[in-house]
Each structure stands twice: as C-alpha cells, then as structure tokens.
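Chain by chain, the residues:
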Amino acid sequence: MEPVQQVLDAAHFAAEKHANQKRKGGEPFINHLIEVAHLVSTALSEPDANLVVAAFLHDTIEDAGVTAAELTERFGQDVTSLVLEVTDDKSLRKKERKRLQIEHAPKLSVRVQTIKLADKISNLRSILSNPPANWDYERKKKYFDWGKRVVDGLSAPNPILKTEFERTYQRFGEVQP
Ligand code: ZN
C-alpha cells in the first residue's frame, strides 16, 4: 500500500471505531486523532508513515476496545507495537495510570515519545479551547501540570513539538484569571 493510502486507511478505521465518542469538552473524538497525526507528520525530519498511522490509532486499544491482534492483521506488527507502547493499562486506577505515565516517559522509544508529545499538546489545546463544563481553575491547572511532568520526563522529545508544547502550556497562564 502507498503511504498515503495507509494513513487514510488508519483515519477511516479510527473514525469508525471512535464514531460515538466525544472529548471531555464535547468535540468529536476523531478531531483529537486527526490533530495528533497531523502534529506528528509535521514534526518528522524523515517520512515515517507507520508512525503517522500509529498516531491515528493511538487510542483504539485504550478507548475503543480494539485488540492488538486486530491492529496487527490490518496494520502490521510495527504499528501495533507503537500503539501498545502508548496504551495505558486500564485495569489500574486512574491515579496510578497517571503516575505511571510520568514514570514511563523517559523509557519510551523515541518514535513513541513523538506521539506522546503530540497527544499532550492536543489535550492541553482542547482544555484551552473547549474546557469541560465542570472543570474549575484548579482542576485545569492540575491537568496542565501533570501533562508538563510527563513531557518533561521524555528523554528524546521532538524539538518542534517540544516548543509547541511549551507555547501551549504558557497559554494557560495567559488565559486564566
Ligand atoms: Zn490521545
């Protein structure tokens, strides 16, 4: 398959699997996946179609009940291992999963660190532009600071995305009281 077809196949698959899901602030979930895949694609110094495919699929196992076997059959082993590496263990409590993201950040493979960074940028942007209705200032601040701790733990962050993350993080202080 041509790289462009591969990426569109992933977009199509993700759109189907996340069809009924919304983000915390109400936007369609697929917007998040398109944003993450786009951020990853713009930050790469060399083409890596599998990484863009994995960016589209990064929440399919965690949030859409897709199995690793299903991903391997359709997208291959490389894509599946990238997605697995960025997938939280849902059998753990939320607090523990958040702590583990900080602990695991330095050990992630360089490619997966790029997805992780793009994911965090997208998550912070959505809190800025479309905050969940029931989140007060403290809750947002805590979320931003947790995201920053994960990103600060990355051992090989993509420089373009790291700059964009810092810019996004700074905006919190500017728009909040
Ligand atoms: Zn995500």
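A. Up close: the pattern of salt bridges. Scanning the model with the defined rule gives 13 salt bridges in all. Between D63 and K90 there is a salt bridge whose closest N-O contact spans 3.2 Å. One end of the pair, D63, is in helix 4 (residues 60-64); the other, K90, is in the loop between helix 6 (77-86) and helix 7 (94-104), and 27 residues separate them in sequence. Judged by its relative accessible area of 29%, D63 falls in the partly exposed class.

B. Region of the structure containing the side chain of T168. Topologically, T168 is positioned in helix 10 (residues 159-175). Residue classification places T168 among the buried positions, given a relative accessible area of 1%. When near neighbours in sequence (up to four residues on either side) are disregarded, T168 contacts I121, L124, R125, L128 and F144.

C. Representation of the coordination of the zinc ion in the model. Within the protein, H32 (NE2), H58 (NE2), D59 (OD) and D119 (OD) serve as the donor atoms for the zinc ion, at 2.1 to 2.3 Å. If you look at the zinc ion, its 4 donor atoms make angles of 82 to 173° with each other, and the shape they trace is irregular. Here the donor residues for the zinc ion map to a single chain with the spacing H-x25-H-D-x59-D. Separated by 27 residues along the polypeptide, H32 in helix 2 (residues 29-43) and D59 in the loop between helix 3 (49-57) and helix 4 bring together distant segments of the chain.

Calculation rules
- Residues numbered from 1 in each chain as written.
- Predicted model: local features only at pLDDT ≥ 70, side-chain atom pairs only at ≥ 80, totals over all residues.
- Heavy atoms only, no water.
- Salt bridge = Lys/Arg side-chain N within 4 Å of Asp/Glu carboxyl O.
- Helix = DSSP H or I, 4+ residues; strand = E, 2+ residues; numbered from the N terminus.
- Buried < 20%, exposed > 50% of the residue type's maximum accessible area, 1.4 Å probe, protein only.
- Contact = heavy atoms within 4.5 Å.
- Donors = N, O, S within 2.8 Å, 3.2 Å for Na, K, Ca; no water.
- Tetrahedral: all angles 85-135°; square planar, octahedral: opposite > 155°, others 65-115°.

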